[in-house]
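Structure at a glance
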Amino acid sequence: MWPRGRNAFLAGCGDISPASCIYRDALVTNLMNPKATFFFVALSAPLLEKNHDPSYALFICFLIVATGTAGWILWALVFRWQPIRSFYGRYAGILDGILSLVLAGFGFSMLYSFGRMAVENFS
């Protein structure tokens, strides 16, 4: 039987603090997400093209994880503010639709760029 109530989310934490448990679960979830892995590789590959020291690669990985963590913490703090939360609650459908169109535009832009590169390289 699954635990219920307020502590249901934190049931498997044991002696770990709730914030650490949530961070651990989110990190594992993102590491197992193929889209997040692809994004991480695509983001870090241009920075690691040259023959650098292995500590440089570790620094880049740390930098990406640290900025991502700071960004999500900031995002969570922004949504704790009641006016932002109520605005998003009212207009969630519209905002999600706009974001979907923006992301689709980025996707089509990438496909177009990759298609042009492929045609230029193979012709």
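Residues numbered from 1 in each chain as written. Predicted model: local features only at pLDDT ≥ 70, side-chain atom pairs only at ≥ 80, totals over all residues. Heavy atoms only, no water.

Further remarks concern the overall build of the protein. Secondary structure summary: the protein contains four helices and zero strands in total. Taken as a whole, the protein presents about 10800 Å² of accessible surface, with 71% of it coming from carbon and sulfur. (Helix = DSSP H or I, 4+ residues; strand = E, 2+ residues; numbered from the N terminus. Areas by Shrake-Rupley, 256 points an atom, 1.4 Å probe, with all protein chains shown as cover.)

For the structure shown, the criterion picks out three aromatic pairs. A centroid spacing of 4.9 Å and a plane angle of 50° characterise the contact between Phe87 and Tyr91, whose relative ring orientation is tilted. Residue Phe87 and its partner Tyr91 are both found in helix α4 (residues 82–122); the two are separated by four residues, about one turn of the helix. An aromatic cluster is built from Trp75, Phe79 and Tyr88, whose rings are joined through pairwise contacts. (Phe/Tyr/Trp six-rings, centres within 6.5 Å; stacked < 30°, edge-to-face > 60°.)

A few words on the pattern of salt bridges. The tally for this structure, following the rule as stated, stands at two salt bridges. Across the pair Asp25 and Arg24 runs a salt bridge whose closest N-O atoms are separated by 2.9 Å. The exposure class of Asp25 is partly exposed, given its relative accessible area of 26%. A salt bridge links Arg116 to Glu120; the nearest nitrogen and oxygen atoms lie 3.6 Å apart. With a gap of four residues between them, Arg116 and Glu120 both fall in helix α4, about one helical turn apart. Looking at Arg116, the relative accessible area reads 45%, which means it is partly exposed. Given the relative accessible area of 52%, Glu120 is considered exposed. (Salt bridge = Lys/Arg side-chain N within 4 Å of Asp/Glu carboxyl O. Buried < 20%, exposed > 50% of the residue type's maximum accessible area, 1.4 Å probe, protein only.)

For any two helices packed against each other, the geometry is given by the interaxial angle and the distance between the axes. Interhelical geometry of helix α2 (residues 34–44) versus helix α3 (residues 54–80) gives an angle of 125° and a closest axis separation of 11 Å. By the angle class used here, α2 and α3 are oblique. Note that α2 runs across α3; the crossing there is right-handed. Along its contact with α2, which presents Phe40, Leu43 and Ser44, the element α3 presents Ile60, Cys61 and Ile64. Classifying every residue of the contact of α2 with α3 by side-chain character gives five nonpolar, one polar and no charged. (Axes fitted to C-alpha atoms, helices over the stretch in contact; angles between N-to-C directions. Parallel < 35°, antiparallel > 145°, perpendicular 65-115°, else oblique. Left-handed = near helix turned anticlockwise from the far one by under 90°. Contact = heavy atoms within 4.5 Å. Nonpolar A, V, L, I, M, F, W, Y, C, P; charged D, E, K, R; others polar.)

On the surface, Phe87, Tyr91, Ile94, Leu95, Ile98, Leu99, Val102, Leu103 and Phe106 cluster together into a nonpolar patch covering about 850 Å² of accessible area. On the accessibility criterion, Leu95 (31% relative accessible area) is partly exposed. (Patch = residues over 30% accessible without salt bridge, like charges linked within 9 Å, V, L, I, M, F, W, Y side chains within 5 Å.)

When pLDDT is averaged across the protein, the result is 80; 89% of the residues are at 70 or more. Confidence, expressed as mean pLDDT per element, reaches its minimum in the protein at α2 with 76 and its maximum at α4 with 89. (pLDDT = per-residue confidence, 0-100.)

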